[in-house]
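# Close look at the chain arrangement
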Amino acid sequence: MSSTAAMTCLSPCATTVITTPVVVSTLSRRGRSDAPHNIQHGRRLQLRSSVPASSLKSCFSRKVATNASRSRRTAFGILCASATSSEATNGVEESTLTVPSGLRLEVLSQKPPGGSSSKPPLVFVHGSYHAAWCWAVHFMPYFASKGYEVHAISLRGQGRGDHIEGTPTLDEHASDVACFLSKLNAPAVLVGHSFGGPIVQRIIGGEAPFEVPKLEGAVLACSVPPYGNGPMIGRFLMSKPLKSIRLTLSLAARKWEGNPKLFRESFFSEELPEETLMQYMGLMSANSRGRLIDLKDLNALLPLATPPKGSLPVLVMGSEEDFCVDVKGVEDTAEAYGVTPVMLGGSTPHDIMLDVKWETAAIAIDQWLEAAVCGR
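Residues numbered from 1 in each chain as written. Predicted model: local features only at pLDDT ≥ 70, side-chain atom pairs only at ≥ 80, totals over all residues. Heavy atoms only, no water.

## Looking at unusual backbone geometry
Across the junction of Leu302 and Pro303, the peptide omega takes the value -5°, indicating a cis bond. Its location among the elements puts Pro303 in the loop between helix 11 (295–301) and strand 12 (314–319). Phi angles above zero are rare outside glycine, and Cys222 is one such case at about 50°. Following the sequence through the fold, Cys222 ends up in the loop between strand 11 (215–221) and helix 7 (230–239). Positive phi outside glycine occurs at Arg254, with the angle close to 60°. Following the sequence through the fold, Arg254 ends up in the loop between helix 8 (241–252) and helix 9 (260–267). (Helix = DSSP H or I, 4+ residues; strand = E, 2+ residues; numbered from the N terminus.)

## Observations regarding the pattern of salt bridges
According to the stated counting rule, one finds 13 salt bridges in the structure shown. For the salt bridge of Arg156 with Asp176, the shortest nitrogen-to-oxygen distance reads 2.7 Å. With Arg156 in the loop between strand 9 (150–153) and helix 5 (170–182) and Asp176 in helix 5, the pair connects residues that are 20 residues apart, well separated along the chain. Just as Arg156 is buried, Asp176 falls in that class too. (Salt bridge = Lys/Arg side-chain N within 4 Å of Asp/Glu carboxyl O. Buried < 20%, exposed > 50% of the residue type's maximum accessible area, 1.4 Å probe, protein only.)

## A look at the packing of aromatic side chains
Taken as a whole, this structure holds 18 aromatic pairs when the rule is applied. Consider the rings of Phe124 and Trp135, whose centres lie 4.7 Å apart with planes at 25°: the pair is stacked. Note that Phe124 is positioned in strand 8 (residues 122–125) and Trp135 in helix 3 (residues 133–136), a separation of eleven residues in sequence. Judged by its relative accessible area of 1%, Trp135 falls in the buried class. Pairwise contacts between aromatic rings join Phe124, Trp135, Phe139, Tyr142, Phe143, Tyr148 and Trp358 into one cluster. A cation over an aromatic ring shows up here: Lys243 above the ring of Phe323, its NZ or CZ 4.6 Å from the ring centre. (Phe/Tyr/Trp six-rings, centres within 6.5 Å; stacked < 30°, edge-to-face > 60°. Lys NZ or Arg CZ within 6 Å of the ring centre and 35° of its normal.)

## Quick look at the pairing of strand 11
The buried count for strand 11 comes to seven of seven residues, which makes it a mostly enclosed element. One ladder, built from six bridges, connects strand 10 (residues 188–193) with strand 11; its direction is parallel. Considered in strand 11, the bridge of Val191 is made with Val219. Across four bridges, strand 11 lies against strand 12 in parallel orientation. Bridging across to strand 12, Val219 finds its partner in Leu315. (Pairing = 2+ DSSP bridges.)

## Here's the deal with helix 8
Over its twelve residues, helix 8 extends 16 Å from the first C-alpha to the last, a length consistent with the 16 Å expected when each residue adds 1.5 Å. Looking at helix 8, one finds that the buried residues are Ser244, Leu247 and Ser250. Across the axial projection of helix 8, the buried residues extend over an arc of 125°, all falling on one side. Where helix 8 is buried, its residues meet helix 7 and helix 9. The first or second residue beyond helix 8 is Arg254, which carries a positive phi of 60°. (Expected span 1.5 Å × (residues − 1). Arc of directions from axis to C-beta. Contact = heavy atoms within 4.5 Å.)

## A closer look at the confidence of the model for the chain
Looking at the chain, pLDDT values average 81 and 76% of them are 70 or higher. Scored below 50 in pLDDT, residues 20–78 makes 147 contacts in the model with residues more than four places away or belonging to other chains. Taken together, the stretch residues 80–90 has pLDDT below 50 and engages in 40 contacts with residues farther than four places along the chain or on a different chain. (pLDDT = per-residue confidence, 0-100.)

## Here we look at the side chain of Asp171
Locating Asp171 in the fold gives a position in helix 5. A distance of 2.7 Å separates the side chain of Asp171 from the side chain of Arg202, its partner in a polar contact. Those residues within four positions of Asp171 in sequence are excluded, and the remaining contacts are Arg202, Pro209, Phe210 and Leu301. (Polar contact = N/O pair within 3.5 Å; in protein donor to acceptor, adjacent residues only side chain to side chain.)

## Thoughts on the environment of Ser109
With respect to the element layout, Ser109 can be found in strand 6 (residues 104–110). Accessibility expressed as a relative area gives 6% for Ser109, which makes it buried. It is 9.5 Å that separates the C-alpha atoms of Ser109 and Ala132, two residues lying 23 residues apart in sequence. One polar contact links Ser109 to His151, side chain to side chain, over a distance of 2.7 Å.

Listed below in structure tokens is the structure:
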């Protein structure tokens, strides 16, 4: 899909507001290739765009009546059938990563055309109620088409990985991601969304109690700030008390499940078609099991450490219409990292990688990668 380019930079220290994508040229790096090693690879899954919407709706309806394990399999089938990105060329490969604890995690990967790349690999980290699938609908095929080897991890207890008891800690998630990074053939760029953001921040902050491989950069997209989500909840309660209470219950008590209106209000814009919304709700329901992060443990680590300013390229991105992470939260995160935040304008909601304006976010990230990472 095509878009015109327009970026407004308010001032050297101001927020950058993007209303439509910005197209950039490709810069090359030293040749890099091959998928991560020591990972158990499974079948390759080709994304398709020709399945009728009526068939997807029927498949979604049948999925609801199955047990949890089968639901996860069917949900992934819906993902593969419903992906509409024309950039998909190599398909998505599903594999299993076994971390030091013995747990097996789901990994989705896609290579660029030709199979090798001169650019750093991208590793996507999801937030609460999501799993690796959320990156495979649009972002993975898009960035693969731009020459990146891309990977998305389903964090422990989520997606098609092993079932776990209890709620994982921040360091458990972060060490799992670091384990995956260590198996790549080149330093990667981490991309964390929502509560995936603190996981990325823990890895790059320099205080993690585990070995962290070298990285080329990090993207914090609609990320929980280094001080946690408590202050944001307080701000939302002061500015929009009724909506804040409703959405807090939606996210904390999983009330979005089975409630399309509340689900849309929590994650998506009014522009997302109802049928797509229902497909996403089925995927989230089937692929998220239990709470993502032990918040008591997380709060004990706050504020999260940040690396020395300028030591690692970091992009901080948010949305003006995000009701999970407010504008001040994005600005505070950017200030902590010494960078100018990029705000997506218009009606872009929290799930920037899934909603109708996903390409605006993708191209903005691609521009930053070319300028701040590939161009170094």
